[in-house]
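Architecture and fold: a report
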Amino acid sequence: MKDALAAVARELLSSVESDFEELTLRASLSGGGGGHRIDARPDDVLLGHSGYEQKLYPIGLTRPVVLELRIFQDGTFEAVVTEDVGQRTGHLPPIYTVLRTRPELPEPSPVSTLADVEAVIGAPLPPEVHELYASGVQIDDEIDLYPPDDIISAWRLYRSMVENDPEFWGETLLYVGPPGAVRTVQFHPLWVPIASNEWGDNLCVDLAPGPNGRIGQIIQLAGEAPLTYLAESATAWAQSPDGPGHGKLEASWKVPDLGPDGVAALATTLQKLVLHDPGDLDFGLLARLTSLRELWIRGGGSVRLEDLAHLPLESLHVMADEIELPKCETLRSLTVSGARVELPTYPNLRVLDVSGAEVDVESLPPVDHLTLNVEQWQRCSLTPAAATLTGESSLLRALAWARERGAERPYEVISGAVVPARP
């Protein structure tokens with residue numbers, strides 16, 4: 001690791017075209033790829049062409065790596081290297097996320113039949129699924145049925161994704177189908193992927209339908225298209241595999257361009273709406289959007305949303321000078337910033353981000369994923385399953401914060417020198 005980091009530092013030093021005090025490279029690497037960002041002190045340092053990326057990406061080939069590499073003008077460097085920490089370098093300071101508990105899936109076992117699939121998922125597949133596989137029927141030229149081992153591979157991949165990545169926990173999905181037929185979540189352990197379509201979207205047997213659905217219905221996971229109800233059974237799907245049509249599901253507008261009349265005329269089929277620069281808009285105009293499940297308001301003055309309490313909102317993001325929140329019992333994810341906020345009681349809230357707001361930190365509700373800034377975490381005693389820290393520029397201090405939250409991560413501090421140093 002030390003030699004690899006030295007090679008990256010050497011490439012970066014060779015590309016600097018002006019005086020500098022310190023370069024900082026932050027990277028999250030896995031499988032020969034990943035993301036990274038460089039910042040410098042002073043901030044007007046010029047970097048020319050460099051091949052450091054070719055030296056950087058292989059560091060994550062053997063295991064996922066998160067690192068912060070600091071390079072100094074005299075050719076010395078110091079790196080903090082760890083793993084199992086989310087580091088979003090699109091922001092400066094970065095945003096760090098840790099899981100306090102990491103669910104472990106059972107070890108994979110050989111799978112060669114649908115009976116083996118049932119044993120792994122812990123539930124029986126409907127008879128029509130067995131009949132579909134036994135018939136060997138070609139459903140559509142663009143649809144491929146998975147063999148049993150691929151069913152379990154896809155199932156394990158989705159389960160791991162939604163259980164280990166808190167970014168998905170509060171995400172709202174666009175949905176097409178009968179109201180209440182399908183749970184509007186990223187994935188459920190009793191959704192069984194049995195095929196993929198021409199766009200690579202997975203098609204599942206749904207063994208855990210919504211209150212208005214049927215066990216064994218066929219759904220298409222969100223991907224190129226929304227989460228979609230396809231048919232009431234595998235038999236009906238084989239006869240007609242095409243998904244339903246739908247109206248406009250999402251929109252993004254600058255309110256000054258749209259105007260109050262335009263807001264009042266928005267399509268009632270909208271499930272996701274983003275409003276920019278709303279000023280002091282009367283948000284009661286949105287009360288007629290009875291399909292609205294995700295709402296973003298960016299840059300408002302006074303944002304009063306109490307008239308929207310009856311909407312089926314699941315995700316709400318508000319940035320404004322004054323905020324009055326609606327009491328939506330369906331809300332699962334909430335982000336507020338820019339104002340002093342009083343939080344209503346949300347019985348289904350899983351994800352909360354108040355890092356950019358003034359709140360009573362000592363009385364925050366327990367949630368699965370909590371995002372706070374450095375000062376707020378110092379006053380918060382909650383230990384959620386996933387915790388996110390904003391406003392911290394040091395990976396080493398972020399690891400100390402994670403340890404306080406019950407999510408200790410091993411790390412290395414590696415130092416060295418590049419020879420020859422930059423002249």
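Use the structure listed above.
None of the values given here were measured: they were computed from a predicted structure. (Residues numbered from 1 in each chain as written. Predicted model: local features only at pLDDT ≥ 70, side-chain atom pairs only at ≥ 80, totals over all residues. Heavy atoms only, no water.)

1. Some thoughts on a nonpolar patch on the surface
On the surface, a nonpolar cluster with roughly 260 Å² of combined accessible area is contributed by L396, Y411 and V413. Structurally, V413 can be placed in strand 21 (residues 411-417). For V413, a relative accessible area of 45% translates into the label partly exposed. (Patch = residues over 30% accessible without salt bridge, like charges linked within 9 Å, V, L, I, M, F, W, Y side chains within 5 Å. Areas by Shrake-Rupley, 256 points an atom, 1.4 Å probe, with all protein chains shown as cover. Salt bridge = Lys/Arg side-chain N within 4 Å of Asp/Glu carboxyl O. Helix = DSSP H or I, 4+ residues; strand = E, 2+ residues; numbered from the N terminus. Buried < 20%, exposed > 50% of the residue type's maximum accessible area, 1.4 Å probe, protein only.)

2. Notes on unusual backbone geometry
R41 connects to P42 through a cis peptide bond whose omega is -5 degrees. Within the secondary structure layout, P42 lies in the loop between strand 2 (33-41) and helix 2 (52-56). The omega angle of the peptide bond from L92 to P93 is 0 degrees, so this bond is cis rather than trans. Within the secondary structure layout, P93 lies in the loop between strand 5 (86-88) and strand 6 (95-99). At D84, a position not held by glycine, the phi torsion is positive, near 60 degrees. Here D84 shows up in the loop between strand 4 (76-82) and strand 5. Its relative accessible area of 43% is what places D84 among the partly exposed residues. Residue D277 is not a glycine yet carries a positive backbone phi of 50 degrees.

3. Points about the packing of aromatic side chains
All told, the structure shown has 3 aromatic pairs when counted by the stated rule. Here the aromatic rings of Y158 and F187 are separated by 5.1 Å at their centres, their planes lie at 20 degrees, and the arrangement is stacked. Taken together, the positions of Y158 in helix 5 (residues 148-164) and F187 in the loop between strand 8 (175-176) and strand 9 (191-196) put the pair 29 residues apart, joining distant regions of the chain. We classify F187 as buried; its relative accessible area is 7%. Put simply, the rings of Y158, F187 and W191 pair up and form one aromatic cluster. (Phe/Tyr/Trp six-rings, centres within 6.5 Å; stacked < 30°, edge-to-face > 60°.)

4. Examining the nonpolar core
Residues L273, L286, L295, V318, L334 and V336 are the most contacted members of the largest nonpolar core, which totals 57 residues. Sort the elements by how many residues they give to this core and helix 9 (residues 395-404) lands first, with 5 residues. Counting residues in hydrophobic clusters, the runner-up holds 39 residues, among them V111, I143, I194 and L230. (Core = buried A, V, L, I, M, F, W, Y, C linked by side-chain atoms within 4.5 Å.)

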